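Residues per chain are reported as follows:
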Amino acid sequence: MSSHEQAVFLLRLVINVAPVAVYFLALGLVNTQARPRLVSGRSDFIALTLVFVPVLVWPVPLLIKYQLWWVVVAALCLGGAVFWWLLPQRLSNWVVYNITERRCRRMLSEALARMGLAATEDEQGLTVTSANLRIDLAGFGLLNNVTLYFSPLHGKHLDAARLHRLRAELDDRLNTVSLLPSPTGACLVMLGVGLLIVPLWMMSQHMNAIVEIFTRLLSA
């Protein structure tokens, strides 16, 4: 492999690894904060998709090189359809970072109580019969987060106003929590920094070839 080919390979490697590294670094920083962080499941899914899009489009330059445009167009259409199908609906789920499932369940129960709603708990989550609401909780210990899934007990639609109020109440409860930096956060930060350092160090060994590639692109 020539130095030019090595430089191109390293650039592609950085483009694919950098978003993943930034994602883990961001998760690590969130998990080192003193407060949990609540985000919508839709936003979380879009962020995760943007992180892994470069990995999915890795073969695209090769397909363009051999002028297989129909494969590129078909893949883009298929990818867009899958993304739209998997994209969570608004208010269908939330993700709370930097929290355990047990504590999140307690905060959620307190938020419902402040709204005057009685909830029945089970192993999977909570049922709020008076609000026609079912809330399932799924903890992911590796990333120290909990996903809350909302569904109506009857019918097809959720009460958007009530869910907005529940989010406000839950945010208020989460803001009262005071946490120490978690080991999970420190590990994620180190992982993100490590993923950034390795390809950048490799690039520094082929900087002349990389500069030449950019010079050709700008002068083309």
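Structure: above.
Residues numbered from 1 in each chain as written. Predicted model: local features only at pLDDT ≥ 70, side-chain atom pairs only at ≥ 80, totals over all residues. Heavy atoms only, no water.

Explain a nonpolar patch on the surface to me, please; I cannot follow it from the model alone.
Taken together, Leu 78, Val 82, Trp 85 and Leu 86 make up a surface patch of nonpolar side chains, about 470 Å² in accessible area. Examined against the element boundaries, Trp 85 turns out to sit in helix H4 (residues 69-86). Judged by its relative accessible area of 71%, Trp 85 falls in the exposed class. (Patch = residues over 30% accessible without salt bridge, like charges linked within 9 Å, V, L, I, M, F, W, Y side chains within 5 Å. Areas by Shrake-Rupley, 256 points an atom, 1.4 Å probe, with all protein chains shown as cover. Salt bridge = Lys/Arg side-chain N within 4 Å of Asp/Glu carboxyl O. Helix = DSSP H or I, 4+ residues; strand = E, 2+ residues; numbered from the N terminus. Buried < 20%, exposed > 50% of the residue type's maximum accessible area, 1.4 Å probe, protein only.)

Whenever I open this one, unusual backbone geometry confuses me. Can you help?
Excluding glycine, a negative phi dihedral is what most residues carry, and trans is how most peptide bonds are arranged. Within the chain, Leu 91 stands out as a residue other than glycine whose phi angle is a positive 65°. Relative to the helices and strands, Leu 91 is located in the loop between H4 and strand E2 (93-97). Using a relative accessible area of 24% as the deciding quantity, one classes Leu 91 as partly exposed. Residues other than glycine seldom take positive phi values, yet Asn 98 does so here, at roughly 65°.

What exactly am I supposed to notice about helix H5 (residues 101-114) here?
Helical geometry note: an α-helix holds 3.6 residues per turn, so side chains three or four residues apart project in the same direction. Compared with an ideal rise of 1.5 Å per residue, which puts 14 residues at 20 Å, H5 spans 20 Å between its outermost C-alpha atoms and is within 8% of the ideal. Those residues of H5 that sit buried are Cys 104, Arg 105, Met 107, Leu 108, Ala 111 and Leu 112. Buried residues of H5 fall within an arc of 165° about the axis and therefore sit on the same side. Away from its buried face by more than 90 degrees, H5 exposes Arg 102 and Ala 113. Buried positions along H5 lie against E2, strand E3 (120-121), strand E4 (125-128), strand E5 (133-140), strand E6 (145-152) and helix H6 (160-174). At the C-terminal side of H5, Gly 116 shows a positive phi close to 80°. (Expected span 1.5 Å × (residues − 1). Arc of directions from axis to C-beta. Contact = heavy atoms within 4.5 Å.)

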